[in-house]
Amino acid sequence: MLNEHGVLCFAPLASASELQLNYSRTQIPPKKYLFPFREELLQYQKGSYRQAITHGSETVLFGVHPCDLDGIAYLDRVFLNEQPDPCYSARRASVTLIGISCQPDDFCFCSGPRASAACDLFLQAKEDGYSLSAHSAKGEAISAAAAEFMAETAEETEPAPCGSCNVLPQDPQLRFSDHPLWHKFEETCVSCGACSVCCPTCYCFDVREYPSLSGGGTRVREWDNCLFVTHGEVAGGNFRATRLERLRYRFLHKYCGFTPLTGMTSCVGCGRCKEFCPVHIDLRELFQDAPTDLRSTP
């Protein structure tokens, strides 16, 4: 929907007329409903602790583009691994994902229009409406309950077009290269962190404690940003003090993989980092102009 400032966003709807199905991209991805900007972890008072209990309210995310669905699927791999994050897990279990096809524009990093199975239901745009496909037991139940409002159509003669981010995982050597574009980006970047804030797969967070005058306090988890100088501050110094180091770190995390997901790009091709960068940095320049021996092979 469009908010009061004219910005496209995912938000609760007061009526169906507020739906914007033919949209390009929202400024903030739908991950905010699964991994909120700020959430309470626990409260403490006089030596006793009370852990926050996250009760995920039933939420339907309607009209989610394939790139954002892929972003949520990536976050699932991060937060629902061998030791699931309880806050994320509770919210994820309460979310119904309904995806919708889109038409990539000049900001997109993806290879073309595509469908996605990383959802409960998916709406594929047609000339005369939408075709609906279910991709989970929950989706099949919803589809069955709404059968009287739908018309059966002939089976597709061709599979739905499918694409993905067209930036392959990069060789980590590029992070340490002397490519002149790194210095161009370093001089241009203002460290505002917009690229990380609007990214569907960025999940850096900080844990902070806020004491109260009564002697207790609250521990919260808040989004952090690897472009901020404070991100690398530790006792005795800063292990990522320069803007160039922080830019390279974000590149390494996004396009070379990280920890158990090493070798897997977490870029989903949504194009937000390019559209919302105030100084128009486009990391694809680096990939397109990288020396051949520094590129990954498929």
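Note that the structure is a prediction, hence the values are computed from the model and not measured.

Q: Give a detailed account of the side chain of serine 266, specifying residues and quantitative values.
A: As for its position among the elements, serine 266 is in the loop between helix H6 (243–255) and helix H7 (272–275). A residue is classified by how much of its surface remains accessible, and serine 266, at 3% relative accessible area, is buried.

Q: If you had to explain the confidence of the model for the protein to someone new, which residues and values would you point to?
A: Residues with a pLDDT of 70 or more make up 91% of the protein, whose mean pLDDT is 86. Overall, residues 157–163 carries pLDDT values under 50, and its contacts beyond four positions in sequence, including any with other chains, amount to 12 contacts. For residues 291–298, every residue scores under 50 in pLDDT, and the model assigns this stretch 13 contacts once sequence neighbours within four places are set aside.

Q: Kindly report on the nonpolar core, identifying the contributing residues and their values.
A: Within the largest apolar cluster, 22 residues are counted, with the highest numbers of intra-cluster contacts made by Trp182, Phe185, Phe251 and Tyr255. At the level of secondary structure, the elements contributing two or more residues to this core comprise helix H4 (180–188), H6 and helix H8 (284–288). Beyond its immediate sequence surroundings of up to four residues, tyrosine 255 is in contact with Phe109, Val167, Leu168, Pro169, Gln170, Thr265, Cys267, Leu283 and Phe287. In this structure, Phe10, Val64, Val78 and Phe122 belong to the second largest nonpolar core, which totals 20 residues.

How each quantity is defined
- Residues numbered from 1 in each chain as written.
- Predicted model: local features only at pLDDT ≥ 70, side-chain atom pairs only at ≥ 80, totals over all residues.
- Heavy atoms only, no water.
- Helix = DSSP H or I, 4+ residues; strand = E, 2+ residues; numbered from the N terminus.
- Buried < 20%, exposed > 50% of the residue type's maximum accessible area, 1.4 Å probe, protein only.
- pLDDT = per-residue confidence, 0-100.
- Contact = heavy atoms within 4.5 Å.
- Core = buried A, V, L, I, M, F, W, Y, C linked by side-chain atoms within 4.5 Å.

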